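Each chain, letter by letter, is given below.
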Amino acid sequence: MSVTKKLFGTMPDGREIYCRTITSKDGFKAEILDYGATIRSIIVPDKNGNSVDVVLGYDTLGEYFENDGYLGATIGRFCNRIRNSKFTLNGKEYQLAANDGVNHLHGGMVGFDKRVWDVEETENSLVYTLVSPDGEEGYPGTLKT
């Protein structure tokens, strides 16, 4: 197995976003972006040995900004909707960012899918990490992912 990386695009604030590719000896290949810890592509051999991409992904970083489909992205802090963008924990009510009408969807306005993740790269693995500070999108407590 090997890991390679190439520049995929640049964030509006100038941070560079990389696409890292893990390739195995038997033809499996996965491409993962720093932006949203997004799985951009997974290529596997079909029954005839032909390489087939089984994941929907965009060709440019700009397309991830322009479209709202969450394709391949890591979702968080919450996956799905929270009605009326609020919840109660230990007797305290928390108001979250409303980004789906009055509801909170997939972590809010700037969920994990829109964050640049830190990456630890080894010879044959990738570890993506992210810290969501207390209060981000209205959530209590710091979360290390």
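If you're wondering where the values come from, they're calculated on a predicted model, not measured in any experiment.

Colleague: Teacher, can you tell me more about the side chain of D113 here?
Modeller: Among the structural elements, D113 can be located in the loop between β9 (104-105) and β10 (118-121). In this structure, D113 is in contact with Y35, G36, Y70, A73, T74, I75 and H106, ignoring residues within four places of it in sequence.

Colleague: Before we go on, may I ask you to explain unusual backbone geometry in this structure?
Modeller: The general pattern is negative phi for most residues beyond glycine and trans for most peptide bonds. Note the cis peptide between G76 and R77, where omega equals 0°. Relative to the assigned elements, R77 resides in the loop between α1 (61-66) and β6 (81-82). Look at S85: it is not a glycine, yet its phi comes out positive at around 55°. The topology assignment puts S85 in the loop between β6 and β7 (86-89). When its relative accessible area of 0% is taken as the criterion, S85 is described as buried. Not every positive phi belongs to a glycine, and N90 is a case in point at roughly 50°. Note on placement: N90 falls in the loop between β7 and β8 (92-95).

Colleague: What is the right way to read the environment of K144 from this model?
Modeller: With respect to the element layout, K144 can be found in strand β13 (residues 143-144). With sequence-adjacent residues up to four places away left out, K144 is seen in contact with L130 and V131.

Colleague: How should I be thinking about the environment of E136 in this particular structure?
Modeller: Structurally, E136 is set in the loop between β12 (131-132) and β13. In terms of polar contacts, E136 uses its side chain to reach the side chain of R115, at 3.0 Å. At a separation of 2.5 Å, a polar atom in the side chain of E136 contacts the side chain of S132.

Colleague: Help me understand the layout of surface pockets in this model?
Modeller: Where empty space is left can be seen by rolling a probe of water-molecule size over the atoms. Considered as a void within the structure, the largest pocket measures approximately 230 Å³ in volume. Forming the walls of the largest pocket are 16 residues, and the residues nearest its centre are Y64, N67, D68, D113 and K114. The residue inventory of the lining of the largest pocket, partitioned by class, reads eight nonpolar, five polar and three charged.

Colleague: Got a minute to help me understand empty space enclosed by the protein in this structure?
Modeller: Scanning all chains against the criterion turns up one cavity of 30 Å³ or more. Counted as a void, the largest cavity has a volume near 50 Å³. Classifying every residue of the lining of the largest cavity by side-chain character gives three nonpolar, four polar and four charged.

Thresholds applied
- Residues numbered from 1 in each chain as written.
- Predicted model: local features only at pLDDT ≥ 70, side-chain atom pairs only at ≥ 80, totals over all residues.
- Heavy atoms only, no water.
- Helix = DSSP H or I, 4+ residues; strand = E, 2+ residues; numbered from the N terminus.
- Contact = heavy atoms within 4.5 Å.
- Buried < 20%, exposed > 50% of the residue type's maximum accessible area, 1.4 Å probe, protein only.
- Polar contact = N/O pair within 3.5 Å; in protein donor to acceptor, adjacent residues only side chain to side chain.
- 1 Å grid on protein atoms, 1.4 Å probe; cavity = no way out; pocket = protein on both sides within 12 Å on 5 of 7 lines; lining within 4 Å.
- Points joined across faces, edges and corners; volume = space filled by probe spheres on them.
- Nonpolar A, V, L, I, M, F, W, Y, C, P; charged D, E, K, R; others polar.

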